[in-house]
Amino acid sequence: MIFIFGANDKVIEQRQSYQQEHCYNCNNTTHWTLEKNATYASLFFISVFPIKTRYIYYCPICRNGRQMEKEEYERMR
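Residues numbered from 1 in each chain as written. Predicted model: local features only at pLDDT ≥ 70, side-chain atom pairs only at ≥ 80, totals over all residues. Heavy atoms only, no water.

(A) Quick peek at the sheet that holds strand E1 (residues 5–22). Read across the open sheet, the four strands follow the order E1-E2-E3-E4; overall the sheet is antiparallel. Sheet topology places E1 and strand E4 (65–68) at the edges, where each strand pairs with a single neighbour. For this sheet the average axis-to-axis angle between neighbouring strands, irrespective of direction, equals 30 degrees. As defined by bridge partners, E1 adjoins strand E2 (residues 29–43) across 14 bridges and the pair is classed as antiparallel. Bridged to Asn8 within E2 is Tyr40. (Pairing = 2+ DSSP bridges. Helix = DSSP H or I, 4+ residues; strand = E, 2+ residues; numbered from the N terminus. Axes fitted to C-alpha atoms, helices over the stretch in contact; angles between N-to-C directions.)

Right under this line is the structure:
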């Protein structure tokens, strides 16, 4: 019997922040994006359960940003 295991990333939640930030990479000032990503274990290309969750805050123009903690993400929502 053959089993196909893997992992895939999914965007769980994505929204713009209320405050404007200046990006030093692309030199633009805009509302940055808050994003919650999860890596899921998959079986036969079907997502089964989450392995890891990441919270990211980034510039929507150049996608330069940083990871953040869950508490900081919840505070900025």
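(B) Spotlight on the environment of Cys23. One can find Cys23 in the loop between E1 and E2. Residue Cys23 is classed as buried on the basis of its relative accessible area, which comes to 1%. Residues in contact with Cys23, not counting those within four places in the same chain, are Asn28, Trp32, Cys59, Cys62 and Asn64. (Buried < 20%, exposed > 50% of the residue type's maximum accessible area, 1.4 Å probe, protein only. Contact = heavy atoms within 4.5 Å.)

(C) Region of interest: the pattern of salt bridges. Scanning the entire structure with this criterion turns up five salt bridges. Arg54 is the partner of Asp9 in a salt bridge, and the nearest nitrogen-oxygen pair spans 3.7 Å. Separated by 45 residues along the polypeptide, Asp9 in strand E1 and Arg54 in strand E3 (residues 46–58) bring together distant segments of the chain. For Asp9, a relative accessible area of 53% translates into the label exposed. A salt bridge links Arg15 to Glu13; the shortest N-O distance between them is 2.9 Å. Taking relative accessible area as the criterion, Arg15 reaches 32% and is therefore assigned partly exposed. Overall, the relative accessible area of 18% leaves Glu13 in the buried class. (Salt bridge = Lys/Arg side-chain N within 4 Å of Asp/Glu carboxyl O.)

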